[in-house]
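An overview of the molecular structure
The lines below spell out each chain.
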Amino acid sequence: MINQVGSNISSRAFSEFKQPQNGSYLIVPKQQEGDEQNKAGISGKKIVLYAMGAGFGTLALMKGVMSKSFSKVLNKWKISLEKKLAKDSKLKNFYKFSLAKIDAFRNRFESINNFTTLKDVTLQRLMFGKNGERTFSRKIHESITGVFDKISRRTVNSSYAKTHKRFAGMNEHMLKLNERLLRENPNDAKIADAVSEITTRMTALNSGLEAGFGINARNERLRQMNKASEGLFDYFWNASLSDIKNFKSKNMWSSYIAEDYLLPHKKKMSKKTGQFEKASKDALQEILKLYKQILPKKDYLQLETHAKKAVKSLNKSINTETNKYYDKARDLKLGAGPTDVISIVGAGGAVAWFLGKSKDKDERISASLKYGIPAVGAIATSLYCTARLVSGGKALMFGLLSGWVINKLGVAADNVRKQYALDIDFHTKKAQPDKV
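We now turn to the structure provided with this report.

As a further point, take the overall build of the protein chain. Each helix and strand counted, the protein chain has 15 helices and 2 strands in total. Residue burial in the protein chain is summarised as follows: out of 436 residues, 36% are buried. Of the contacts formed within the protein chain by residues at least 6 apart in sequence, a portion of 78% connects residues at least 24 apart. When the accessible area of the protein chain is evaluated, it comes to approximately 27000 Å², of which 59% is carbon and sulfur surface.

Written out as structure tokens, the structure is:
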């Protein structure tokens with residue numbers, strides 16, 4: 001009879017009860033429950049803010065993010081003025097004066113990179129030793145550098161692979177057009193001659209692209225890059241930290257020493273690739289002229305779209321190799337890779353410190369899943385993006401986005417973990433005997 005009465009009592013009567021770990025039942029005031037949630041929320045925010053601040057702050061300090069970003073703005077202004085100057089307008093003297101001032105200011109501003117690079121070369125010198133005698137730490141430094149360089153180089157090759165795919169698709173499109181033109185106009189000598197000329201020029205275009213941008217050509221340029229930068233570290237060290245008097249020198253305050261050292265070779269390489277690029281564009285333009293004479297307007301415009309996309313992809317690949325990768329390889333030669341890793345260490349240290357303030361193991365696990373791992377993940381993603389030669393602003397955006405995604409996954413994982421623990425606890429605890 002007692003059991004029957006007990007079974008009819010609504011479960012809502014116990015809605016205000018919670019079951020702590022010791023199995024006893026306590027009434028928890030709603031205000032206290034809210035305070036605990038607020039406490040956990042503040043703790044989580046602190047972990048995120050301090051970890052992100054330590055990570056991104058260290059990264060910005062180590063890499064001179066602001067100086068490099070502003071240098072890009074100055075370069076855009078310079079290019080814009082050069083284009084206006086080329087038009088020979090009435091303001092020619094003003095443009096020339098402005099261009100000279102921007103060049104001078106940019107060189108002085110880029111000298112900031114000398115001081116951010118000091119951290120890189122100092123760490124490398126400490127890990128290598130004066131003559132490379134610290135074998136263990138030197139191998140660690142070289143391994144980290146190798147990983148960063150491999151990621152960056154893979155980006156270059158991946159970009160050219162996309163370009164090759166674009167040109168291959170354009171070639172296939174042209175072959176189909178040629179077959180159709182000959183099939184539909186079997187007795188038209190003009191079309192037959194044009195198709196024959198197009199085929200010859202297509203072969204020459206593809207040969208030129210392979211000679212200038214194929215894997216063998218890229219590997220040769222990489223070999224030349226490495227050779228040109230062989231003495232870079234010693235040159236920068238001798239121009240900076242080898243003697244305190246160097247900090248008073250003109251070079252330290254008027255330009256970026258490492259950039260100046262490699263500039264002659266960089267210009268030479270850019271000039272050579274520019275020649276291949278121009279030859280390829282000119283060859284493609286001649287092919288398009290021939291097609292314009294024999295194709296209907298609709299078909300020609302479609303082919304022109306293919307050609308523009310292929311050229312745009314080629315321009316992007318060349319810039320990735322000869323500009324973005326060149327600068328990244330230069331920074332890695334000066335020890336940038338391991339100092340990048342320090343930003344992750346900074347974020348991880350901040351996370352570990354705050355997790356140590358947690359009241360128990362359960363809170364530490366929750367904070368790790370919801371806040372700690374996402375914060376470190378955001379920094380790591382940003383570093384990976386910079387290794388993939390993504391610009392600083394985009395790398396930061398991708399890092400924050402990845403942190404948000406990891407946070408959502410962490411919250412879901414923590415909820416599942418807590419529910420699983422609750423179910424196990426419920427099934428393993430012995431039922432308390434009823435007291436009448």
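Looking at the element boundaries, Asn178 is found in helix α6 (residues 135-184). With relative accessibility at 5%, the residue Asn178 sits in the buried group. Sequence-distant contacts of Asn178, that is, excluding residues within four places in its chain, are made with Val195, Ile198, Thr199, Met202 and Tyr291.

A few words now on unusual backbone geometry. Of note in the backbone geometry, Leu389 takes a positive phi value of approximately 70° without being a glycine. Of note, Leu389 is situated in the loop between α14 (361-387) and α15 (392-428). Residue classification places Leu389 among the buried positions, given a relative accessible area of 9%.

This part covers the packing of aromatic side chains. To describe a pair of aromatic rings, you give the distance between the ring centres and the angle between the ring planes. Counted according to the given criterion, the structure contains 6 aromatic pairs. For the pair Phe213 and Phe276, a centre-to-centre distance of 6.3 Å together with 70° between the ring planes defines the contact as edge-to-face. On the criterion of sequence distance, the pair formed by Phe213 in helix α7 (residues 189-213) and Phe276 in helix α11 (residues 257-294) is long-range, its members being 63 residues apart. On the accessibility criterion, Phe276 (28% relative accessible area) is partly exposed.

Of all hydrophobic cores here, the largest spans 49 residues; its most connected members are Met170, Met174, Phe236, Tyr291 and Leu334. Apart from residues no more than four positions distant in its own chain, Tyr291 is found in contact with Met174, Leu177, Asn178, Leu181, Ile198, Tyr300 and Leu303.

Let's shift gears to the packing of helix α9 (residues 232-239) against α11. Across the interface, α9 lies against α11 with an axial gap of 10 Å and an inter-helix angle of 140°. Taken as axis vectors, α9 and α11 run oblique relative to one another. Considering the relative orientation of α9 and α11, their crossing is right-handed. Contact with α9, carried on its side by Leu232, Tyr235, Phe236 and Ala239, involves Ile257, Ala258, Tyr261 and Leu262 of α11 and no other residues of that element. Of the residues in the contact of α9 with α11, the class split is 8 nonpolar, no polar and no charged.

The next subject is the environment of Glu230. Checked against the element boundaries, Glu230 lands in the loop between α8 (215-228) and α9. The exposed category is assigned to Glu230, whose relative accessible area is 62%. A C-alpha to C-alpha distance of 8.4 Å links Glu230 and Lys333, two positions 103 residues apart in sequence.

This part covers the side chain of Ser152. The topology assignment puts Ser152 in helix α6. Those residues in contact with Ser152 that lie beyond four places of it in its chain are Tyr325, Lys328, Ala387 and Leu389.

Below, the discussion takes up a positive patch on the surface. A surface patch of positive charge is lined by Lys150, Arg154, Lys162, Lys165, Arg166, Lys309, Lys312, Lys316, Lys324, Arg388 and Lys394. Among the elements of the structure, α6 and α12 (297-333) are those that each provide at least two residues to the positive patch. Looking at the positive patch element by element, the count peaks at 5 residues for α6. Position of Lys162 relative to the elements: it lies in helix α6. What makes Lys162 exposed here is its relative accessible area of 56%.

This part is about α11. Since the α-helix advances by 3.6 residues per turn, residues separated by three or four positions end up pointing in the same direction. With 38 residues, α11 ought to run about 56 Å at 1.5 Å a step, and its terminal C-alpha atoms sit 55 Å apart, in line with that. At Leu263, α11 is deflected by roughly 50°, the largest bend along its length, and proline Pro264 occurs up to four residues later in sequence.

What counts, and where the lines are drawn
- Residues numbered from 1 in each chain as written.
- Predicted model: local features only at pLDDT ≥ 70, side-chain atom pairs only at ≥ 80, totals over all residues.
- Heavy atoms only, no water.
- Helix = DSSP H or I, 4+ residues; strand = E, 2+ residues; numbered from the N terminus.
- Buried < 20%, exposed > 50% of the residue type's maximum accessible area, 1.4 Å probe, protein only.
- Contact = heavy atoms within 4.5 Å.
- Areas by Shrake-Rupley, 256 points an atom, 1.4 Å probe, with all protein chains shown as cover.
- Phe/Tyr/Trp six-rings, centres within 6.5 Å; stacked < 30°, edge-to-face > 60°.
- Core = buried A, V, L, I, M, F, W, Y, C linked by side-chain atoms within 4.5 Å.
- Axes fitted to C-alpha atoms, helices over the stretch in contact; angles between N-to-C directions.
- Parallel < 35°, antiparallel > 145°, perpendicular 65-115°, else oblique.
- Left-handed = near helix turned anticlockwise from the far one by under 90°.
- Nonpolar A, V, L, I, M, F, W, Y, C, P; charged D, E, K, R; others polar.
- Patch = residues over 30% accessible without salt bridge, like charges linked within 9 Å, V, L, I, M, F, W, Y side chains within 5 Å.
- Salt bridge = Lys/Arg side-chain N within 4 Å of Asp/Glu carboxyl O.
- Lys, Arg positive; Asp, Glu negative; His and termini not counted.
- Charge placed at Lys NZ, Arg CZ, Asp CG, Glu CD.
- Expected span 1.5 Å × (residues − 1).
- Bend = angle between axes of the 7 residues up to and from the residue.

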